Amino acid sequence: LQFRSSRGEPVEDHLWWSLGQRHYFGTVGTAVDLALTFRDGKADGSGKPSSIAEVAHFEHAMKSASQNAVFLNVFDLAPALSVPNAILCNTVYSTMGAFHAAVEVYGEEWAFYRTPNPTSCGVCKSLRARHHPVHVYRQSVNLGNTNLKDWEVRYLIRGKLAMKWPGGVYDLLRKNCI
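For clarity, every value in this text was computed on a predicted model and none was experimentally measured. Each chain carries its own residue numbering, running from 1 in the written order of its sequence. For a predicted model such as this one, the threshold for reporting local features is a pLDDT of at least 70, and the threshold for listing and counting side-chain atom pairs is 80 or more; totals across whole chains, interfaces and linings nevertheless cover every residue. To get the side-chain values, all heavy atoms of the structure are used, and hydrogens and water are removed first.

With that settled, the discussion passes to the nonpolar core. Counting 9 residues, the largest nonpolar core consists of Val70, Val105, Trp110, Phe112, Val123, Val153, Ile157, Ala162 and Tyr170. In this description a helix means any DSSP run of H or I spanning at least four residues, a strand means any run of E spanning at least two, and both kinds are numbered starting from the N terminus. Contributing elements (two or more residues each) for this core: β7 (108-112) and α4 (150-161). Beyond its immediate chain neighbours, meaning those up to four positions away, Trp110 contacts Ala102, Val103, Val123, Cys124, Lys125, Arg154, Ile157 and Arg158. We define the nonpolar core as a collection of buried residues of types Ala, Val, Leu, Ile, Met, Phe, Trp, Tyr and Cys that are connected through side-chain atoms lying within 4.5 Å of one another. Throughout, exposure labels follow a simple rule: accessible area from a 1.4 Å probe, protein chains only, divided by the maximum for the residue type, with under 20% read as buried, over 50% as exposed, and the rest as partly exposed. In this description, contact between two residues means that some pair of their heavy atoms is separated by no more than 4.5 Å.

Put into structure tokens, the structure is as follows:
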């Protein structure tokens, strides 16, 4: 993310942000969500207009979200599907692809999986949110805030919902993580 003058010249390059790896052909790469806020442009007392670089403040949306924000974390099902998913998820076909999904709340990520024992709970907590040994993280969607406290969320998932979702009922097309 760069600031440039109306003539295209670099401005305030010490404030530039690297948003991740370069995309190939505009299709492959991870998404980066930013929160953009503007500071008071006349705070210095000079009365003259401030530049956009002085008043704009960027922060990763995940870091600026409230602690009780709920996110839907979306993953490509496998590394080999990242390119097809990126091609299929354009403006024409916005919901096609092979994905895994998990819900993150209070920094803990939960998802539904098939388990070796069909009666075991299929709702599992990830070791690290937005990281998976098989699936490739794509993006997070902020679903809003929960009014529940962190311990209430854990109780709801572990004490109420988890046993209703045994891993043996997982079905790739009908009852899956999405």
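Moving on from the coordinates now.
Right, let's talk about the pairing of strand β5 (residues 69-76) for a bit. Residues in a regular strand project their side chains so that they alternate between the two faces of the sheet. Counting buried positions along β5 gives 7 out of 8 residues, so the element sits mostly inside the fold. For β5 and strand β9 (residues 136-145), the ladder comprises 8 bridges, and the chain directions are antiparallel. Bridge pairing in β9 links Phe71 to Asn142. The pairing of β5 with strand β6 (residues 99-105) spans 7 bridges and is classified as antiparallel. Its bridge partner lying in β6, Val74 is registered against Ala101. Here the rule is simple: two strands pair whenever DSSP picks up at least two bridges between them.

It is worth spelling out the sheet that holds strand β8 (residues 123-125) at this point. Strand pairing in a sheet relies on backbone hydrogen bonds. The paired strands run either parallel or antiparallel. One open sheet accounts for 5 strands, arranged β8-β7-β6-β5-β9; its pairing is antiparallel. One side of each edge strand has no neighbouring strand; the edge strands of this open sheet are β8 and β9. Taken over all neighbouring pairs, the strand axes of this sheet differ in orientation by 25° on average, direction set aside. α4 contacts β6, β7 and β8 of the sheet and is inclined by roughly 20° relative to β7. In this analysis an axis means a line fitted to C-alpha atoms, helices contributing only their contacting stretch, and an angle means the value between N-to-C directions, from 0 to 180 degrees.

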